[in-house]
Amino acid sequence: MSVLSCVSWAWIAALSLAGAGAGDILPHGDAPAPIVSRHFPDRVHEFVWRNWAAVEPAKLSAILGASADDVAALAESMGLPREPAVCPELTERGYATLIRRNWHLLPYAQLLDLVEMTPERLAFTLREEDFLWIKLGRLKPRCEPLRYDPPDEAARSRAAEIRRIVEREFGEAIRGPAEPRFDFVRQLSAPLPSDSPPDTLADGPRVLRLVYSYVAVYGDPLLNPALNPYPDGLLQRLSAVGINGVWLQALLRDMAPGGPAFPEFGVGHEARLATLRALVERARKYGIGVYLYLNEPRAMPTGFFAGRAEMAGVQEGELTALCTSHPAVRQWMADALTHVFTEVPGLAGVYAITASENLTNCASHGGWHSCPHCKARSDADIIAEVVSVIEAGVHRGSPGADVLISDWGWRGHGDAPDIIARLPESVCLMSVSEWHLPIERGGIQSTVGEYSISSVGPGPRAPQHWKAAREAGLNVGTEIQFNNTCEIATVPYLPVLDLVAEHCRNLEPYQLDAMLIGWTMGGYPSPNFQLACQLSRAPAPDVDAALDALAHERFGPDAAPHARQAWTLMSDAFRQYPFHISVVYTSPVQCGPANPLYPANTGYSATMWGFPYDHLDGWRGPYPPDVFASQFQKVADGWRRGIAELQAAVDAAPAERRADAEADLRLARAAAIHFQSVANQARFVSARDALSTPSTTVPPEQRASLRAELERCLESEIALARELFALVQEDSRIGFEPSCQYFYLPLDLVEKVINCRWLLEHLDDWAAVAPNAAP
């Protein structure tokens, strides 16, 4: 951790603590009782299991107040190797994973020791790291400190049973060789033999194709050059598949001095700009421009406005907007951007969202009428003024830089032609292609309200906004995903090339100038990108010819027909995905079989990309439980038919192409496992809840059927967890997403088998399990 980081985190924390005691620096929310996993002997055994191979045993010993031998003995008693192969990158690159997997186990004091953070840094991380506090549910379970005591006879007996399960179900695989987590960083960083930009970048008019790094640490990547978000090997690979722009997030207050209005801003900005300059120069060698992603001006803690009341705008909780109706705020924004673009020659531009989940200007969340300075203005005035300030600041520093402005969130994702009409002509309007697209799944009508690959756009909103922008003299672009989306983000790309091709073909008439084709989860250099690059050329090639050529190149002539058929089958299956914002944000589709099952309702609500728990009503959105499960079953069944063809393609691929073909097959198999697991979990919760009703209202034959369904789901989850364990041991990419890091680690899949075996063994006792108790 750098000194500059400490200063920045301490400053933000100090502002957050204005008027509060030091104990309030970390958020707690409702602080309910934690979930207790009954398949472990006790919480200490659970803690050791969850962190074995993730954290050095010496640190676990120190936290528990135990000796190294004590902790090793606990691990060994459960069938774990006495000396684990610990992934050192988890502390620096996987801290969100460590926080999440210990959230129900450790109080803050011990959690800080585990992740090696100060209270100030953890508070900043929870607030600023891509909504981590929201992903954790806006609450910290009320955990008692963990302390080691020698296990009693009951604990030793249960640990021995766990060991027998591990040995029976996994054998020596639990100790076998495995690809280390984050090994993909090493693989993607290795240079390619050639670093020449591909010829496709020079064909026809330039279309910007912009993505995020698959290896970046989301928080403050410019402050620690060792955590290079774009190593040369990755830039080479992105260039080779047609990517010519990359983005990374930035807080403007950290990138430039604050001037007379905000002298506390700018701590560490020189170091960040130096790292950014070096990145711009390196990326230029591969024909790639670097863009900053902005949500500005970012809201500040209420304490920041002591002596600046005239600059305070809309308030949300502990945060208050920097009101852009005040000229000093606008001046700072423009001057800061000018400073950045002057100090970093060649910086390609900015991509800005002015109404994101982060509170920024007073109209960003629609509440500007509560601001005394903005209440007489329109939202169009406020948003257009913010865009004008961004444009002026950027172009004063670099007249040729791109200013990409997203319409995301404007009027709750409604129509905004009057905002567009007020924008500077030099900006490019970006719009999510498939937004508001009407769909039907399993007889249920819905509309798309997030990125979707399964639902092929464009929807009605984007073309309307592109038309308004063209009439106003603006360039236009789309925000779209071609690798993966929130539909499933824990594999780096999905082999649904027919859907990618169809979407590209549908966008041809709009003659787009830019495509943001990779949000945080979609930046892996993939065949999907390669296809999108080919189809965004002018004139675009025939779709079938492009697909055939890509299959031939990736799999070889004998395997290509099987690959093409696999892509079509999986694309058709994916069209059955029960898309809804609740499904993609809160269902267990990201965790798959790593999500535990519970004998009784936990009482916890599913969180956005954090903990699915057992909250079926939160997962399913508008879909009835049976339709929700059946739609995921349809996707899984169709996907498996595609996998059979992909296996045939692997078998027919020549030796020099076998590795890529096998990698595609691994990812396809992992995705199918996730889809099947969601169907299983939905059916399990439905049957469990129905079985928990009084026996007087459920006929005996129905109870027998429900019990059989529970047993079937548990056995299926065991098989899926075992299959996925083998895949993740081979491929460090599976289970990973850049902003959330690892949703699960290999031992979580072993634990799921233990979890399910316990549930099967104690099936007759479930009625006695109290609410809030978990297996």
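Note that the structure is a prediction, hence the values are computed from the model and not measured.

Draft legend 1. Region of the structure containing helix α28 (residues 746-761). Here α28 is 16 residues long and its end C-alpha atoms lie 24 Å apart, about the 22 Å a rise of 1.5 Å per residue gives. Burial analysis of α28 places 13 of its 16 residues in the buried class, the great majority of the element.

Draft legend 2. Looking closely at the side chain of S433. Residue position: S433 is located in the loop between β10 (428-432) and β11 (438-441). In terms of polar contacts, S433 uses its side chain to reach the side chain of H503, at 2.7 Å. For S433, the contacting residues outside a window of four places in its chain are G457, P458, G459, A462, T478, E479, I480, H503 and L507.

Draft legend 3. The arrangement of the pattern of salt bridges in detail. Using the criterion set out here, one finds 49 salt bridges in the structure. The residue E46 makes a salt bridge to R50 at a minimum N-O spacing of 3.0 Å. Here E46 pairs with R50, and both are found in helix α2 (residues 43-51), just four residues apart, close to one helical turn. Of the residues examined, R50 reaches a relative accessible area of 13% and is grouped as buried.

Draft legend 4. Local environment of the environment of P372. Within the element layout of this structure, P372 appears in the loop between β8 (349-353) and α16 (379-397). Judged by its relative accessible area of 56%, P372 falls in the exposed class. For P372 and G313, which are 59 residues apart along the polypeptide, the C-alpha to C-alpha distance reads 7.4 Å.

Draft legend 5. The arrangement of the sheet that holds β8 in detail. Pairing is parallel in the closed barrel, where eight strands are placed in the order β2-β3-β4-β8-β9-β10-β13-β14. Each adjacent strand pair in this sheet contributes to an overall mean axis angle of 25 degrees, direction not counted. Sheet analysis places strand β3 (residues 245-249) next to strand β4 (residues 289-294), joined by five bridges and oriented parallel. Opposite L248, over in β4, you have L292 as the bridge partner.

Draft legend 6. Structural view of the nonpolar core. Formed by 280 residues in total, the largest nonpolar core has its most connected members in L276, W639 and F675. At 16 residues, the largest contribution of residues to this core is made by helix α26 (residues 655-691). What F675 contacts, discounting residues up to four positions off in sequence, is I488, F574, Y577, V589, F632, V635, A636 and W639.

Draft legend 7. Representation of the packing of aromatic side chains in the model. Counted by the stated rule, this structure contains 39 aromatic pairs. Ring centres of F262 and F304 lie 5.8 Å apart, and the angle between their planes is 25 degrees; this geometry places the pair in the stacked category. A residue pair is termed long-range when its members are at least 10 positions apart, and F262 in the loop between α13 (252-255) and α14 (269-284) and F304 in the loop between β5 (300-301) and β6 (312-316) qualify at 42 residues. Judged by its relative accessible area of 2%, F304 falls in the buried class. Ring geometry for F632 versus F675: centroids 6.4 Å apart, planes at 35 degrees, classification tilted. Remark: F675 occurs in helix α26 and F632 occurs in helix α25 (residues 625-652); sequence separation between them is 43 residues. Within the aromatic cluster, the residues linked to one another by ring pairs are F182, F184, Y214, Y493, Y524, F736 and Y742. Of note, R121 hangs over the ring of Y95, and the distance from its end group to the ring centre comes to 5.5 Å. K140 extends its terminal NZ or CZ atom over the ring of Y108, reaching a point 5.8 Å from the ring centre.

Thresholds applied
Residues numbered from 1 in each chain as written. Predicted model: local features only at pLDDT ≥ 70, side-chain atom pairs only at ≥ 80, totals over all residues. Heavy atoms only, no water. Helix = DSSP H or I, 4+ residues; strand = E, 2+ residues; numbered from the N terminus. Expected span 1.5 Å × (residues − 1). Buried < 20%, exposed > 50% of the residue type's maximum accessible area, 1.4 Å probe, protein only. Polar contact = N/O pair within 3.5 Å; in protein donor to acceptor, adjacent residues only side chain to side chain. Contact = heavy atoms within 4.5 Å. Salt bridge = Lys/Arg side-chain N within 4 Å of Asp/Glu carboxyl O. Pairing = 2+ DSSP bridges. Axes fitted to C-alpha atoms, helices over the stretch in contact; angles between N-to-C directions. Core = buried A, V, L, I, M, F, W, Y, C linked by side-chain atoms within 4.5 Å. Phe/Tyr/Trp six-rings, centres within 6.5 Å; stacked < 30°, edge-to-face > 60°. Lys NZ or Arg CZ within 6 Å of the ring centre and 35° of its normal.

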